[in-house]
Amino acid sequence: MKCPFCEKAETGVKDSRTTNEGSIVRRRRYCGKCGGRFTTFERIQTRELVVVKRSGAKRPFDRTKIEKSIATALRKRSFSQKQIGEINDRIILELESDNTREITTRKIGKLIMKELVKIDPVAYIRFASVYKDFTNIEDFTRFISKLQKD
Ligand SMILES: [Zn+2]
């Protein structure tokens, strides 16, 4: 937890106690650099995320669907289930730390592409061809040549 006074990245915990019948953990923290003291509260994420499809239809958020999309894109690309799980966790963490309850499929697609482009260009192209819904070969070649330029 970053110090709110001097912005030092690491601070220590002086003591932790649960409040509200155990559903909230209160931690008193201190900063070893500037001596600042502050308190944090930790609670369970109860916000239910909702996915908004392109059609406008809403569905409850399903984390296994993202993992399946990643696994499909990475099929036969020598990535372990563990690595796929880690990518999935990073994407979900980013979605959960966003301050909105509704997430568009477009946003999820973008986050998946952002992860895939870093690790495997073939998987990235596979995923993008589905996500961007290329309807003809021109769209596809335009996409590939843009990718090569970048
Ligand atoms: Zn500090």
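Before reading further, recall that the structure is shown in the block above.
Rules used in this analysis
- Residues numbered from 1 in each chain as written.
- Predicted model: local features only at pLDDT ≥ 70, side-chain atom pairs only at ≥ 80, totals over all residues.
- Heavy atoms only, no water.
- Pairing = 2+ DSSP bridges.
- Helix = DSSP H or I, 4+ residues; strand = E, 2+ residues; numbered from the N terminus.
- Axes fitted to C-alpha atoms, helices over the stretch in contact; angles between N-to-C directions.
- 1 Å grid on protein atoms, 1.4 Å probe; cavity = no way out; pocket = protein on both sides within 12 Å on 5 of 7 lines; lining within 4 Å.
- Points joined across faces, edges and corners; volume = space filled by probe spheres on them.
- Nonpolar A, V, L, I, M, F, W, Y, C, P; charged D, E, K, R; others polar.

A. Spotlight on the sheet that holds strand S6 (residues 102-104). Within the open sheet, the 3 strands sit side by side as S5-S4-S6. Their pairing is mixed. Looking at the sheet topology across the chains shown, the edges are occupied by strand S5 (58-60) and S6. Shown here is a sheet whose adjacent strand axes are inclined to one another by a mean of 35°, direction ignored. In this structure, strand S4 (residues 50-52) lies alongside S6, joined through 3 bridges in parallel fashion. The partner of Val-50 across the bridge, within S6, is Glu-102.

B. Here's a closer look at the layout of surface pockets. Within this model, the largest pocket holds a volume of roughly 610 Å³. Lys-65, Ser-69, Thr-105, Ile-108 and Phe-127 are, among the 21 residues lining the largest pocket, the residues nearest its centre. Residue assignment for the lining of the largest pocket shows that the elements contributing at least two residues are S5, helix H1 (63-73), helix H3 (105-119) and helix H4 (121-131). When grouped by side-chain class, the residues that make up the lining of the largest pocket number 10 nonpolar, 4 polar and 7 charged. Taken as a whole, the second largest pocket encloses approximately 160 Å³ of empty space. The set of elements that each furnish at least two residues to the lining of the second largest pocket consists of H3 and helix H5 (137-149).

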